[in-house]
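Architecture at a glance
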Amino acid sequence: MKPVFVRPQSLTDKPFHFCPGCHHGVIHRLVAEAIDRFEVRERTIAAASVGCSVFLYDYFDIDVVESPHGRAPAVATGIKRTNPDKFVFIYQGDGDLAAIGTAEIIHAANRGENLTVVFVNNTVYGMTGGQMAPTTLLGQPTTTSPYGREFGQDGYPIKMTEMLAQLEGVGFAARVAVDTPARLAQARKAVFRAFETQMEEKGMGFVEILSSCPTNWGMKPVEAVRRIEREMIPYFPLGVYKERKGSDAL
Ligand SMILES: Cc1ncc(C[n+]2csc(CCOP(=O)(O)OP(=O)(O)O)c2C)c(N)n1
Ligand code: SF4
């Protein structure tokens, strides 16, 4: 019998620890599928972040370097520059990438570091209990904005993909979601494209993935999935924002 669904080889057998309905597991799988597809497992090094994804070194059967808070782009820069033959990706949440490490990601992108970035936007700090993140939507209650995010006090949610797409050093920038099978297929395509961007040495390949955090949103998994379409996508539009193609060089 022909198997139609197998576990990617780049994942270990360890079951994920994520909360029910969390999308980190789905996104881990997409990244593992890309590693398998491009046959780079033996030469892949990831830089892990802080946050719920910190344990990716237990789930991916690859080499992983743990980075201090927000510093994954800097750590990955060092790895890639000293080992240009390696395939290097970082995987960060919105608290880690868009708050704690804002400067790191902007300057790594601006320098055109040849890295693949997986940015998981769930609009809150997940691991530490649901504090407001730069991506928290207006009106969204969090533990540090119990009456909802308010522009006068907290500013508007940051659109990282649009911001980074402006920088010359970025070769590919896209925002995707994993809340429906059709969008999952688009997300897979974008992650694969971000891998190819590194292989083609066209600068940073950046993929923002809209993701759920049912635990800190105070929602059941199905309700949380629906929130992505209802509230997140209207503010964070999906699509490819930049793609350097063919002979376009950095
Ligand atoms: C300098 C510093 N800032 C913050 C923290 C606490 N901290 C660890 S994980 C985390 C939340 C990360 O949230 P996010 O990046 O959104 O990832 P998620 O858990 O949602 O996947 C924070 C604030 C810390 N330990 N040190
Ligand atoms: S706290 Fe949120 S981001 Fe972290 S594992 Fe649970 S659902 Fe996922």
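A short tour of the structure in this document, coming up.

1. Some thoughts on the pairing of strand 7 (residues 170-177)
Of all eight residues in strand 7, eight are buried, a share of seventy percent or more. Across seven bridges, strand 7 lies against strand 8 (residues 204-210) in parallel orientation. Counterpart to Ala-174 in the pairing with strand 8 is Val-207. Regarding topology, helix 8 (residues 181-199) serves as the crossover connection from strand 7 to the parallel strand 8, and that connection is right-handed. The pairing of strand 7 with strand 9 (residues 239-243) spans four bridges and is antiparallel. Residue pairing across strands places Ala-174 opposite Val-240, the latter belonging to strand 9.

2. Quick look at the site of ligand 1
Around ligand 1 sit 16 residues in total, of which His-24, Cys-52, His-69, Asp-96 and Gly-126 are the nearest. Gly-126 has a polar backbone atom sitting 2.8 Å from an oxygen atom of ligand 1. Between an oxygen atom of ligand 1 and a main-chain N or O atom of Met-127, the distance comes to 2.9 Å. Spatially, ligand 1 is embedded in the largest pocket. In terms of residue count, helix 4 (residues 94-100) provides more of the shell around ligand 1 than any other element does, four residues in total. When the residues that make up the shell around ligand 1 are grouped by side-chain class, the tally is six nonpolar, eight polar and two charged.

3. Re the pattern of salt bridges
For the structure shown, the criterion picks out 17 salt bridges. A salt bridge links Arg-183 to Asp-179; the nearest nitrogen and oxygen atoms lie 2.7 Å apart. Asp-179 carries the same exposure label as Arg-183, and that label is buried. For Arg-183, the salt bridge identified is with Glu-229, shortest N-O distance 2.9 Å. You can see Arg-183 sitting in helix 8 and its partner Glu-229 sitting in helix 10 (residues 221-235), a full 46 residues away along the chain.

The rules we used
- Per chain, residues are indexed from 1 in the order of the written sequence.
- Chains carry letters from A onward and ligands carry numbers from 1 onward, assigned in written order.
- Where totals are concerned, whole chains, interfaces and linings use all residues; where local detail is concerned, this predicted model gives features only for residues with pLDDT of at least 70, and gives and counts side-chain atom pairs only at 80 or more.
- Heavy atoms from the whole structure form the basis of all side-chain values; hydrogens and water molecules are not counted.
- Working definition: with a 1.4 Å probe on protein chains only, accessible area under 20% of the residue-type maximum means buried, over 50% means exposed, and in between means partly exposed.
- The way it works is that DSSP assigns letters per residue, a run of H or I at least four long becomes a helix, a run of E at least two long becomes a strand, and they are numbered from the N terminus.
- Between any two strands, pairing holds if DSSP finds at least two bridges.
- Handedness of a crossover is defined as follows: orient the strands so they point away from the viewer, and if the path from the first strand over the helix to the second runs clockwise, the crossover is right-handed.
- Any residue with a heavy atom positioned within 4 Å of a molecule or strand is treated as near that molecule or strand.
- Distance and chemistry together define a polar contact, namely a pair of N or O atoms within 3.5 Å, with one atom able to donate a hydrogen and the other to accept it when in protein, and with adjacent residues in sequence counting only for side-chain atoms on both sides.
- Computed over the protein atoms alone on a 1 Å grid, cavities are sets of points where a 1.4 Å probe fits but cannot get out and pockets are open sets with protein on both sides within 12 Å along at least five of seven lines; a residue lines them when it has an atom within 4 Å of a point.
- For this analysis, a molecule is said to be in a pocket or cavity if more than half of its atoms are within 2 Å of the grid points defining it.
- Side-chain classes follow a simple rule in which Ala, Val, Leu, Ile, Met, Phe, Trp, Tyr, Cys and Pro form the nonpolar group, Asp, Glu, Lys and Arg form the charged group, and the remainder, Gly included, forms the polar group.
- Think of a salt bridge as a Lys or Arg side-chain nitrogen and an Asp or Glu carboxyl oxygen that are within 4 Å of each other.

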